[in-house]
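Inside the fold
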Amino acid sequence: MTKTNTVSMASAPFGRRAFLKGAASTCLFAATMPLGSRIWAQSGQTLRLSAYADIDALDPAFYQNGYNVDVMNCIYTKLIRYKAGREWDWELESAEEIEQVDDTHIRFKLKQGLQFSGDYGEITAEDVKFSFERAILHDSPVKSDWGPLDHVEVTGRYEGVIVLKEPFQPLWTIALPYGTGHIVSKKAVLDATDDGGNFGMTPPVFSGAYVLAEWKSNQYVRLTRNPAWTGPAPGFDEIRILPMDDTKTAERAYEAGDLDFTQITLSSLAQYRQDPPANTTIEEYPSLYYVWLGMNLDNPALGDKNLRQAIQYAINVKQVVDAAYFGEAEPATGLIAPGLPGHRDHSAIPVEGDLDKAREFLQAAGGPPSQPLTIDTLNASEWTTMAQIIQAQLAKVGIPTQINVQDSGSFWTLGMESEGDRWKNMQLVLNRFSMLPDPYYATSWFVSEQVGIWNWERFSSPEFDKLHQKALSEIDPDERAAIYRQMQDIMEQSGAYRFLTHEGSPVMYRDSLEPALRPDGRPLLPRFSGSV
Amino acid sequence: MSQAQATVSLPEPTVISRILRGLAGNRTGTIGFVLVVLILAAAIFAPWISQYDPAAIMTGPRMAPPSSDHWLGTDNLGRDLFSRVLAGGRVAMLVAGASLGAALSLGLVLGLVAGLGPRWLDNLLLLLFDALRSFPTIVFGLAVVTLVGPSLFTVILVVAITSVPIYARIIRTQAQSLRNAEFVMAERAMGAGLPRILFVHVLPNVLGPLLILASMDVPLVIATEAGLSFLGMGVRPPTSSWGVILNDGYNFIRNSPWPVIAGSVPIVLVTLGFTFLGEALRDIFDPRLQKAN
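Just so it is clear, the structure is predicted and the values come from calculations on it, not from any experiment. (Residues numbered from 1 in each chain as written. Chains lettered and ligands numbered in written order. Predicted model: local features only at pLDDT ≥ 70, side-chain atom pairs only at ≥ 80, totals over all residues. Heavy atoms only, no water.)

**Describing the overall build of chain B**
The line we're drawing: Each helix corresponds to a stretch of at least 4 residues labelled H or I by DSSP, and each strand to a stretch of at least 2 residues labelled E; elements are numbered beginning at the N terminus. Burial here depends on accessible area, computed with a 1.4 Å probe over protein chains only, as a share of the maximum for the residue type. Under 20% is buried, over 50% is exposed, and the range in between is partly exposed.
Per the secondary structure count, chain B includes 13 helices and 0 strands. Sequence-ordered secondary structure for chain B, helices as α and strands as β, is α-α-α-α-α-α-α-α-α-α-α-α-α. Over its C-alpha atoms, taken along the principal directions, chain B stretches across nearly 75 × 55 × 30 Å. Here chain B, with 293 residues, has 45% of them falling under the buried criterion.

**As for the pattern of salt bridges**
Residue and element names in this part refer to chain A. The line we're drawing: Counted as salt bridges are all cases of a side-chain nitrogen of Lys or Arg within 4 Å of a carboxyl oxygen of Asp or Glu.
Going through the model one piece at a time under the given rule, you end up with 40 salt bridges over all chains. For Glu-238, the salt bridge identified is with Arg-222, shortest N-O distance 3.5 Å. Taken together, the positions of Glu-238 in strand β12 (residues 238–243) and Arg-222 in strand β11 (residues 220–225) put the pair 16 residues apart, joining distant regions of the chain. There is no split in this pair, since Glu-238 and Arg-222 are both buried. Here Arg-432 ties to Glu-503 by a salt bridge, and the two come within 2.5 Å at their closest N and O atoms. Placement of Arg-432 in strand β18 (residues 428–433) and of Glu-503 in the loop between β19 (497–501) and β20 (507–510) is noted, with a sequence separation of 71 residues between them. Of the residues examined, Arg-432 reaches a relative accessible area of 11% and is grouped as buried. Glu-503 gets classed as buried once you look at its relative accessible area, which sits at 11%.

**A word on the sheet that holds strand β5 (residues 95–102) of chain A**
All names here are of chain A. So the rule is basically this: If DSSP finds at least two bridges between two strands, the strands pair. Note on geometry: axes are C-alpha line fits, over the in-contact stretch for helices, and angles between N-to-C directions span 0 to 180 degrees. By definition, residues are in contact when any of their heavy atoms lie within 4.5 Å.
One open sheet accounts for 4 strands, arranged β5-β6-β8-β7; its pairing is antiparallel. Whereas interior strands pair on both sides, the edge strands pair on one side only; in this sheet they are β5 and β7 (149–154). Going across the sheet, the axis of each strand differs from the next one's by a mean of 20°, ignoring polarity. Of the strand pairs in this sheet, β7 and strand β8 (residues 159–164) are connected by 5 bridges, and their pairing is antiparallel. Residue pairing across strands places Glu-153 opposite Val-161, the latter belonging to β8. On top of the sheet, helix α5 (residues 125–137) reaches β6 (105–110), β7 and β8; it is set at about 165° to β7, its chief contact.

**Looking at the packing of aromatic side chains**
Residues and elements named next belong to chain A. Spelled out, the test is: The aromatic pairing rule takes the rings of Phe, Tyr and Trp, using the six-membered ring of Trp, and pairs them if the centres are within 6.5 Å, calling planes under 30 degrees apart stacked, those over 60 edge-to-face and the rest tilted.
Summed over all chains, the structure comprises 33 aromatic pairs over all chains. Where Trp-383 meets Phe-411, the ring centres are 5.7 Å apart and the plane angle is 85°; that geometry is what we call edge-to-face. Of this pair, Trp-383 sits in helix α12 (residues 381–396) while Phe-411 sits in helix α13 (residues 408–411); the two residues are 28 residues apart in sequence, bridging distant segments of the chain. What makes Trp-383 buried here is its relative accessible area of 3%. The buried category is assigned to Phe-411, whose relative accessible area is 0%. Judged by centre distance (5.2 Å) and plane angle (80°), the rings of Phe-459 and Phe-464 are edge-to-face.

**Structural notes on helix α8 (residues 152–179) of chain B**
What counts, and what does not: One fewer than the residue count of a helix, multiplied by 1.5 Å, yields its expected span. In this analysis the local bend is the angle between axes fitted, respectively, to the seven residues ending at and the seven residues starting at the residue.
The end-to-end C-alpha distance of α8 of chain B is 39 Å, a good match for the 40 Å that 28 residues give at a rise of 1.5 Å each. By the largest-angle criterion, Ser-163 of chain B marks the main kink of α8 of chain B, which is about 30°, and a proline, Pro-165 of chain B, follows within four residues.

**Some words on empty space enclosed by the protein**
Residue and element names in this part refer to chain A. The condition that has to hold: Points on a 1 Å grid over protein atoms alone make up a cavity when a 1.4 Å probe fits among them but cannot get out, and a pocket when they form an open set with protein on both sides within 12 Å along at least five of seven lines; lining residues each have an atom within 4 Å of a point. Grid points are joined across faces, edges and corners, and a volume is the space filled by probe spheres set on the points. Ten residue types, Ala, Val, Leu, Ile, Met, Phe, Trp, Tyr, Cys and Pro, are classed as nonpolar, four, Asp, Glu, Lys and Arg, as charged, and the remainder, Gly among them, as polar.
All chains considered together, the criterion is met by 5 cavities of 30 Å³ or more. Taken as a whole, the largest cavity spans an internal volume of roughly 430 Å³. Taken together, 34 residues line the largest cavity, and the ones lying closest to its centre are Tyr-52, Tyr-67, Thr-247, Gln-263 and Arg-432. Mapped by element, the contributors of at least two residues to the lining of the largest cavity are β1 (46–51), α4 (66–75), α7 (247–255), β13 (261–263) and α12. Residue classes in the lining of the largest cavity are distributed as 17 nonpolar, 9 polar and 8 charged.

**Quick look at the UniProt feature "domain: ABC transmembrane type-1" (unreviewed entry) in chain B**
Which entries qualify depends on this criterion: UniProt positions are given in the numbering used here, feature names are shortened, and annotations may be inferred rather than shown by experiment.
According to UniProt, the positions carrying the feature "domain: ABC transmembrane type-1" (unreviewed entry) are residues 89–278 of chain B. Annotated as residues 89–278 of chain B, this span is 84% helix and 0% strand, and its ends, taken at the C-alpha atoms, are 19 Å apart.

**A look at α5 of chain A**
All names here are of chain A. Its 13 residues give α5 an end-to-end C-alpha distance of 18 Å, which sits within 8% of 18 Å, the value for a rise of 1.5 Å per residue. Taken as a whole, α5 has its buried residues at Ala-125, Asp-127, Val-128, Phe-130, Ser-131, Phe-132, Arg-134 and Ala-135. Elements in contact with the buried residues of α5: β6, β7, β8, β9 (182–183) and α6 (186–192).

**So, the pairing of β18 of chain A**
Residue and element names in this part refer to chain A. With respect to burial, β18 is a largely interior element, 6 of its 6 residues being buried. Alternating residues of β18 divide into Leu-428, Leu-430 and Arg-432 and Val-429, Asn-431 and Phe-433, and every residue in both groups is buried. Pairing of strand β15 (residues 290–295) with β18, which is carried by 6 bridges, proceeds in the antiparallel orientation. Counted as the bridge partner of Val-291 is Arg-432 from β18. Summarising the sheet, strand β16 (residues 373–378) and β18 pair through 2 bridges and their orientation is parallel. Looking at the pairing, Asp-376 lines up with Val-429 of β18.

**A look at the UniProt feature "transmembrane region" (unreviewed entry) in chain B**
Residue and element names in this part refer to chain B. Mapped onto this structure's residue numbering, the UniProt feature "transmembrane region" (unreviewed entry) falls at residues 30–49, 91–117, 137–168, 189–212 and 260–281. A helix fraction of 96% and a strand fraction of 0% characterise residues 91–117, whose end C-alpha atoms lie 37 Å from each other. Here residues 137–168 is 91% helix and 0% strand, with 17 Å between the C-alpha atoms at its ends.

**Concerning the packing of helix α7 (residues 137–148) of chain B against α8 of chain B**
All names here are of chain B. Here is the rule: Here is the rule for angles: anything less than 35 degrees is roughly parallel, anything more than 145 is roughly antiparallel, 65 through 115 is roughly perpendicular, and the remaining ranges are oblique. Left-handed describes a crossing whose near helix is turned anticlockwise from the far helix through less than a right angle; right-handed describes the clockwise counterpart.
Orientation of α7 relative to α8, taken along the N-to-C sense of each, is 140°, at an axis distance of 10 Å. It follows that α7 is oblique to α8 by the angle criterion. In this structure, α7 crosses over α8, and the sense of that crossing is right-handed. Side by side, α7 and α8 meet where Thr-137, Phe-140, Gly-141, Val-144, Val-145 and Val-148 of the first sit next to Thr-154, Val-158, Ile-161 and Thr-162 of the second.

**A short note on the nonpolar core**
The condition is simple: In this description, a nonpolar core means a group of buried Ala, Val, Leu, Ile, Met, Phe, Trp, Tyr and Cys residues linked to one another through side-chain atoms lying within 4.5 Å.
Core analysis: the biggest nonpolar cluster contains 162 residues, and Leu-79, Ile-162, Leu-176, Leu-223, Ile-311 and Phe-446 of chain A have the highest contact counts within it. Membership of the second largest hydrophobic core comes to 56 residues, among which are Leu-100, Leu-210, Trp-242 and Ala-262 of chain B.

**A word on the side chain of Ser-229 of chain B**
Considering the arrangement of structural elements, one finds Ser-229 of chain B in helix α10 (residues 194–230). Sequence-distant contacts of Ser-229 of chain B, that is, excluding residues within four places in its chain, are made with Gly-234, Val-235, Ser-241, Gly-243 and Val-244 of chain B.

**Description of the sheet that holds β18 of chain A**
Residues and elements named next belong to chain A. The mixed open sheet is built from 5 strands, whose spatial order is β17-β16-β18-β15-β19. Looking at strand neighbours, the two that pair on one side only are β17 (401–406) and β19, the edges of this open sheet. Each strand of the sheet is rotated relative to its neighbour by a mean of 25°, with strand direction disregarded. On the sheet, helix α9 (residues 305–314) packs against β15, β16, β18 and β19 and is oriented at approximately 145° with respect to β15. Sitting on the sheet, helix α10 (residues 317–325) touches β15 and β19, and the angle it makes with β19 is about 40°.

**Structural notes on the interface of chain B and chain A**
Put simply, the rule is: What gets called buried area is simply the loss in accessible area from a 1.4 Å probe that two parts show on being joined, summed for both. Counted as a polar contact is a pair of N or O atoms within 3.5 Å, where, for protein atoms, one must be capable of donating a hydrogen and the other of accepting one, and residues adjacent in sequence contribute only when both atoms are in side chains.
Facing the 19 residues of chain B at the interface are 24 residues of chain A. Here chain B meets chain A over a buried area of about 2,000 Å², counting both sides, of which 51% is carbon and sulfur. The largest share of the area that chain B buries against chain A comes from Pro-237, Asn-251 and Arg-254 of chain B, three residues that together contribute 33% of it. Between the two partners, chain B and chain A, sit 1 salt bridge. Two residues, Arg-254 of chain B and Glu-255 of chain A, come together in a salt bridge whose shortest N-O distance is 3.2 Å. Inspection of the region where chain B meets chain A yields 11 residue pairs in polar contact (both at pLDDT 80 or more). Taken together, the residues that form the side of chain B that touches chain A break down as 11 nonpolar, 4 polar and 4 charged.

Next up, the structure:
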């Protein structure tokens with residue numbers, strides 16, 4: 001490789017005359033470029049893309065959602081990372097080697113010479129220990145990502161052993177390659193906080209390919225190259241992420257030339273397939289997201305299980321999904337998407353619903369509620385469409401409803417006890433959660449411990465909680481899948497859930513861009529390359 | 001004798017006949033008048049004109065172009081756009097009527113109190129008016145909607161609150177200028193009380209300009225309602241509103257342009273109609289303009 005380069009450079013006729021010729025033609029080319037392109041070329045390569053939500057937590061041990069993790073992937077490193085491509089797999093990032101010694105011990109060795117930004121020096125095994133243990137030590141809301149982590153044993157400057165209390169299957173699919181797997185500097189965090197706890201939105205140090213240069217709430221996140229980064233150079237000087245909670249807005253921004261990569265809605269997919277924007281590649285990925293209609297079990301209006309079941313049976317999921325996604329998505333049978341262990345082939349309630357059964361349950365509930373039930377939904381076209389179809393379907397059996405459209409800031413705190421008493425008035429809610437390639441990640445939000453945090457239905461079942469724990473350490477894949485199927489049955493039987501869809505994940509990007517995407521279409525930003 | 005006869009044979013023209021005569025000689029005024037009458041008639045008789053329930057889904061194929069079954073086509077839920085435009089017109093007129101009515105009434109009272117009341121109260125009210133006017137309507141609307149939730153009532157409330165200072169300030173100025181007018185002083189000297197002065201002298205003098213201003217504000221109010229609904233902060237789904245139609249259409253513009261056309265044309269027409277009519281009314285009632293003519 002080196003030889004080829006040397007030969008080609010040496011043989012190139014690069015004298016003074018050639019230089020002048022080249023310079024003249026470059027100037028001529030630059031002069032004939034449109035003004036915008038000239039400014040752009042001077043400003044370097046900036047990748048611009050949209051995110052469904054703004055960032056709200058940059059401490060890996062306390063991340064809130066996948067959009068936080070997209071940024072964390074850029075500004076911190078981790079031992080292993082998801083491989084880009086169509087199959088779920090992982091590869092080494094800052095680890096030189098890593099191996100599962102037995103069910104509860106994972107030995108790792110860091111690459112040498114990886115640096116933190118500022119004066120915080122080299123990344124060591126002590127930093128890995130600090131980063132992994134603090135989620136549990138400080139009772140993070142996402143500490144469950146680390147499951148039964150006992151401690152990390154440091155065996156050398158770059159070596160250590162992750163010690164678990166019991167086997168933990170999601171370690172390789174969630175804990176290490178996702179949010180809580182990112183590494184921060186022990187010294188920097190202790191300098192910035194009193195006790196090494198949550199540093200929120202002000203990272204004291206960076207360990208990834210980029211640094212957070214600027215964040216304007218609800219406007220943009222600007223990431224620039226990390227000068228201390230010693231790994232492979234990222235493809236872009238700068239990344240700009242613009243929060244747009246309606247993907248339709250992102251589509252229009254892409255068409256206007258303001259974005260280089262974006263997710264697209266399923267309702268637009270057919271049109272884009274037929275008539276894509278210029279110089280654009282469109283790709284479709286299966287999504288792991290799950291969308292459902294939840295019912296607040298602690299709201300007096302929904303206290304009667306018969307009424308909840310009437311609602312479950314009155315909803316024709318096929319119709320809802322077809323209307324909202326223009327026939328591009330399939331109805332869901334549960335939380336877990338096809339292809340993952342624990343996926344159910346059928347739901348107990350038929351996807352088409354059953355109006356006669358709904359009426360029977362409604363009669364058993366003593367008739368429709370006297371006041372309209374509220375359906376809370378996010379202010380985005382697909383969601384409001386779904387809400388309106390559900391409203392019409394419930395009206396068919398005589399259940400009156402009223403739709404409350406909320407903006408993202410208001411919606412995503414609706415069921416959280418920490419954000420006030422709004423959860424008490426919440427009744428029906430259209431919801432969607434992101435997902436990772438392990439069923440544990442779906443069910444973990446519905447255990448009793450999550451009531452009032454992310455479990456907005458306030459569903460609490462000791463049996464469900466027990467099964468959740470059991471599945472974590474179950475080594476037999478078939479047995480584990482059966483447990484997750486049983487858990488979804490319990491959720492459905494509670495009457496608090498009507499599962500709707502896993503959507504789909506189509507994306508579009510400029511032809512000159514080479515995106516690195518997870519098998520579910522989510523971007524792995526530091527590995528994007530090409531030009532824009 | 002002949003002079004007396006002439007007085008009897010030329011009665012004072014009524015307000016309506018003045019308006020009609022004024023409009024007849026003003027082409028844009030006539031266009032405005034016709035548009036306003038048509039829009040009002042469509043809003044009032046919408047339930048009888050519509051072929052479909054505006055909220056009924058899947059009345060035909062989705063995103064269909066105009067046809068004999070659906071005169072303006074259908075939206076993303078297969079709802080008849082013509083019926084939704086008519087229903088949206090009712091919402092627009094309701095918001096305009098209710099919010100401007102409330103703003104006028106409240107503005108009238110507060111303006112009179114400020115104009116005729118003690119100095120300290122005038123200063124206090126002026127401060128309040130200025131504080132309210134300092135919020136841009138849409139931003140103020142978004143804040144209120146976030147606090148109390150989106151609904152038709154919220155939209156009316158927002159528009160009314162942000163419009164009150166405009167009317168109140170005009171009334172205050174008028175009332176202050178009339179306070180020391182000779183005929184008012186004469187009335188006072190003859191022992192007339194404040195209510196008589198207010199209702200017989202001050203009100204008739206300020207009501208005309210106020211109504212003209214209100215008619216010119218109708219498009220602004222409708223645009224505010226449409227804007228809030230466009231942002232998802234107006235009426236609740238599935239209630240139709242021109243802003244909602246526009247928003248739905250905008251989201252699916254690659255599928256069909258008809259919903260955007262159906263949502264935007266009425267806003268343009270109502271703006272033209274009320275602006276033309278308002279200007280014509282101002283021409284008719286403004287004595288300075290009459291003198292110039």
